[in-house]
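Below, each chain spelled out in residue letters.
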Amino acid sequence: MRLGAQHQALYYDIPTVLLAAISTGTGCGRTPRLRECNAQLGHIPAGVALGVTFHAVSSTLITRRAPRYRKCVPDPWLVPTAVAEEVIWRASVKHTENAALSLTNSVLFGTTHLHLGGWKAAAHMALFGIAAELCARAAGLPTAMAFHVAYNISQLSAQHVASTQSRRGQPLLGTHAPARQGRG
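These numbers come from a predicted model, not from an experiment.

**Re the overall build of the chain**
Stage number 1. A count of helical and extended segments in the chain gives 7 helices and 0 strands.
Stage number 2. When the elements of the chain are put in sequence order from the N terminus, they spell out α-α-α-α-α-α-α.
Stage number 3. Buried residues in the chain amount to 43% of all 184 residues.
Stage number 4. By sequence separation, contacts in the chain at least 24 residues apart represent 71% of the contacts at least 6 residues apart.
Stage number 5. Carbon and sulfur atoms form 67% of the exposed surface of the chain, whose accessible area is close to 10,000 Å².

Pasting the structure below:
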């Protein structure tokens with residue numbers, strides 16, 4: 001694990017996972033019934049497909065080049081942090097009851113990404129938040145979690161290609177942010 005990844009785990013990933021665990025444990029957010037959870041699990045592959053598609057389309061629109069993906073090993077905090085973010089940003093709001101609050105959450109989620117590339121990154125991640133909210137509304141929170149994880153892994157694997165090519169002097173594909181900063 002690189003030094004930058006360790007620092008991000010300390011100041012962002014671990015606190016995010018702990019905050020989500022605390023909010024889940026205290027009853028904040030909506031806890032689905034077992035029958036509802038089983039029905040929602042069947043939509044996880046759709047969430048994965050939507051996450052990869054959202055990354056491919058948005059990356060192509062931003063860079064005007066289709067991303068090329070390579071197998072990569074994500075850091076161990078990528079999945080739990082993405083799941084925790086969905087718990088914090090979506091499960092903490094009864095999204096089926098308050099569309100304005102859900103939209104506000106998506107915009108706020110976007111603003112937490114200002115450091116990645118200014119207002120363009122914030123706008124992109126706000127759209128990502130809206131897409132994740134739509135996944136949660138249509139098919140449940142597990143689908144939104146799968147969407148988020150698939151997007152992050154797609155971005156990481158596309159950036160891995162970009163960083164490998166930039167070392168060879170070839171033009172970059174995908175986004176310009178380092179792989180660890182791409183967390184949505």
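**Focus: the pattern of salt bridges**
Stage number 1. Summed over all chains, the structure comprises 2 salt bridges.
Stage number 2. The closest approach of N and O atoms between E86 and R90, which form a salt bridge, is 2.5 Å. Note that E86 and R90 are positioned in helix α4 (residues 78-91) at a spacing of 4 residues, about one turn of the helix.
Stage number 3. A residue is classified by how much of its surface remains accessible, and E86, at 0% relative accessible area, is buried.

**Considering helix α6 (residues 118-139)**
Stage number 1. Here α6 contains 22 residues, and its C-alpha end-to-end distance of 31 Å stays within 8% of the 32 Å for a straight helix at 1.5 Å per residue.
Stage number 2. G140 lies just past α6 and shows a positive phi near 105°.

**Some remarks on the packing of α4 against helix α5 (residues 99-111)**
Stage number 1. Direction vectors running N to C along α4 and α5 enclose 140°, while the axes themselves pass 9 Å from each other. By the criterion of interaxial angle, the relationship of α4 to α5 is oblique. Across from E85, W89 and R90 in α4, the residues of α5 making contact are N105, S106, L108 and F109.
Stage number 2. The residue inventory of the contact of α4 with α5, partitioned by class, reads 3 nonpolar, 2 polar and 2 charged.

**As for the nonpolar core**
Stage number 1. Within the largest apolar cluster, 18 residues are counted, with the highest numbers of intra-cluster contacts made by F54, F128 and F147.
Stage number 2. Contributing elements (two or more residues each) for this core: α4, α6 and α7 (141-167).

**Describing the side chain of E86**
Stage number 1. Looking at E86, its side chain comes within polar contact range of the side chain of R90, at 2.5 Å.
Stage number 2. Apart from the residues within four sequence positions on either side, E86 is in contact with A91, A132, L141, A144, M145 and H148.

**Looking at the environment of A66**
Stage number 1. When you line up the elements, A66 lands in the loop between α3 (44-63) and α4.
Stage number 2. Considering only alpha carbons, one finds A66 and A158, 92 residues apart in sequence, at a separation of 9.8 Å.

Rules of the game
- Residues numbered from 1 in each chain as written.
- Predicted model: local features only at pLDDT ≥ 70, side-chain atom pairs only at ≥ 80, totals over all residues.
- Heavy atoms only, no water.
- Helix = DSSP H or I, 4+ residues; strand = E, 2+ residues; numbered from the N terminus.
- Buried < 20%, exposed > 50% of the residue type's maximum accessible area, 1.4 Å probe, protein only.
- Contact = heavy atoms within 4.5 Å.
- Areas by Shrake-Rupley, 256 points an atom, 1.4 Å probe, with all protein chains shown as cover.
- Salt bridge = Lys/Arg side-chain N within 4 Å of Asp/Glu carboxyl O.
- Expected span 1.5 Å × (residues − 1).
- Axes fitted to C-alpha atoms, helices over the stretch in contact; angles between N-to-C directions.
- Parallel < 35°, antiparallel > 145°, perpendicular 65-115°, else oblique.
- Nonpolar A, V, L, I, M, F, W, Y, C, P; charged D, E, K, R; others polar.
- Core = buried A, V, L, I, M, F, W, Y, C linked by side-chain atoms within 4.5 Å.
- Polar contact = N/O pair within 3.5 Å; in protein donor to acceptor, adjacent residues only side chain to side chain.

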